[in-house]
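Residue strings, one per chain:
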Amino acid sequence: MGSAPAILIVDDSSDDVILLKRAFKKSGVANPLFWVKSGYEAIRYLKGESPYTDRSQYPLPSVILLDLNMPDGDGFEVLTWIRNKFPSGGLLVVVLTRVEEIRKINRAYSLGANSFLTKPSNPDELQELINIFSGYWLLQNRLPSQLFSTTAPFEHKTYEPN
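Residues numbered from 1 in each chain as written. Predicted model: local features only at pLDDT ≥ 70, side-chain atom pairs only at ≥ 80, totals over all residues. Heavy atoms only, no water.

Undergrad: How would you sum up the packing of aromatic side chains? Please name residues and give values.
TA: Taken as a whole and judged by the stated rule, the model has 6 aromatic pairs. The interplanar angle of 80° and the centroid separation of 5.8 Å between the aromatic rings of Phe 24 and Phe 133 together place this pair among those described as edge-to-face. Here Phe 24 is found in helix α1 (residues 14-26), whereas its partner Phe 133 is found in helix α5 (residues 123-140), with 109 residues between them in sequence. Relative accessible area serves as the criterion here: at 3%, Phe 133 is assigned to the buried category. One aromatic cluster in this structure is built from Phe 34, Tyr 45, Tyr 52 and Tyr 58. Its end group placed over the ring of Phe 76, Arg 107 keeps NZ or CZ at 4.0 Å from the ring centre. (Phe/Tyr/Trp six-rings, centres within 6.5 Å; stacked < 30°, edge-to-face > 60°. Helix = DSSP H or I, 4+ residues; strand = E, 2+ residues; numbered from the N terminus. Buried < 20%, exposed > 50% of the residue type's maximum accessible area, 1.4 Å probe, protein only. Lys NZ or Arg CZ within 6 Å of the ring centre and 35° of its normal.)

What follows is the structure, encoded as structure tokens:
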């Protein structure tokens, strides 16, 4: 897997995940990306329950990109579970969703989201969002030292089109 901590994408849209993975690659993010399709599956992943028991294959992420509207456990349920299990913050949770209602934005922050971003529908705008996201959350932001033994928790590499 390498030394860079994992990023977990929690989103039920395979189309959105394809676009996100492409945007991360173009941004030069070398961290391994993992994807689960529902809130229930996200909690199973984080608990290390089957089929996610092998942490060398399914490492605990350092950043979670969390959609709110999903079947089988929404993003609010996942966020509540995460903050109950990691009360000191430990995991960075960035809500990435199409929701723009102020009530839901406020609720996400009150449940412990570190950031709330609205998913653009345009791929170029998504690319710009991921460029900014990776610059701040992955390169500039520093995680608590007890979480990871590496001093540079994220790897970045130059994108070279195939």
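Following the structure, the description resumes.
Undergrad: Can you break down the sheet that holds strand β3 (residues 61-66) residue by residue, with the values?
TA: Taking strand neighbours across the sheet as the criterion, the 5 strands line up as β2-β1-β3-β4-β5 in an open arrangement whose pairing is parallel. In this open sheet, the two edge strands, each paired with only one partner strand, are β2 (33-36) and β5 (115-118). Averaged over all pairs of adjacent strands, the angle between their axes in this sheet comes to 20°, without regard to strand direction. Bridge count for strand β1 (residues 6-10) against β2 is 4 bridges, and the pairing is parallel. Along β2, the bridge assignment pairs Leu 8 with Phe 34. Docked against the sheet, α1 engages β1, β2, β3 and β4 (92-97), running at close to 170° with respect to β2. (Pairing = 2+ DSSP bridges. Axes fitted to C-alpha atoms, helices over the stretch in contact; angles between N-to-C directions. Contact = heavy atoms within 4.5 Å.)

Undergrad: Outline the confidence of the model for the protein, listing residues and values.
TA: Confidence in the prediction of the protein, expressed as mean pLDDT, is 84, and 80% of residues score 70 or more. Predicted confidence in the protein is weakest over α5, with a mean pLDDT of 81, and strongest over β2, with 97. (pLDDT = per-residue confidence, 0-100.)

Undergrad: Please set out the pattern of salt bridges residue by residue, giving values where relevant.
TA: Tallied over the full model, the rule gives 7 salt bridges. Across the pair Asp 11 and Lys 119 runs a salt bridge, and its minimum N-O distance is 2.4 Å. Within this pair, whereas Asp 11 is found in the loop between β1 and α1, its partner Lys 119 is found in the loop between β5 and α5, the two being separated by 108 residues in sequence. (Salt bridge = Lys/Arg side-chain N within 4 Å of Asp/Glu carboxyl O.)

Undergrad: An account of α1 is needed here, citing residue identities and associated values.
TA: Given 3.6 residues to a turn, an α-helix orients residues that are three or four positions apart in the same direction. Compared with an ideal rise of 1.5 Å per residue, which puts 13 residues at 18 Å, α1 spans 18 Å between its outermost C-alpha atoms and is within 8% of the ideal. When we look at burial in α1, the residues that qualify are Asp 16, Val 17, Leu 20, Ala 23 and Phe 24. Viewed along the axis of α1, the buried residues span an arc of 125°, placing them on a single side of the element. Count one or two residues on from α1 and you reach Gly 28, which has phi positive near 85°. (Expected span 1.5 Å × (residues − 1). Arc of directions from axis to C-beta.)

Undergrad: Describe helix α2 (residues 39-47), listing the residues and the values that go with them.
TA: For α2, the full list of buried residues reads Gly 39, Ala 42, Ile 43, Tyr 45 and Leu 46. Looking straight down α2, one finds its buried side chains confined to an arc of 160°; they lie on one side. Phi turns positive, to about 80°, at Gly 48, one or two residues after α2.

Undergrad: So what about the environment of Leu 33? Which residues, and what values?
TA: Checked against the element boundaries, Leu 33 lands in strand β2. In this structure, the C-alpha to C-alpha distance between Leu 33 and Pro 5, residues 28 residues apart in sequence, is 9.2 Å. Those residues within four positions of Leu 33 in sequence are excluded, and the remaining contacts are Ile 7, Lys 21 and Phe 24.

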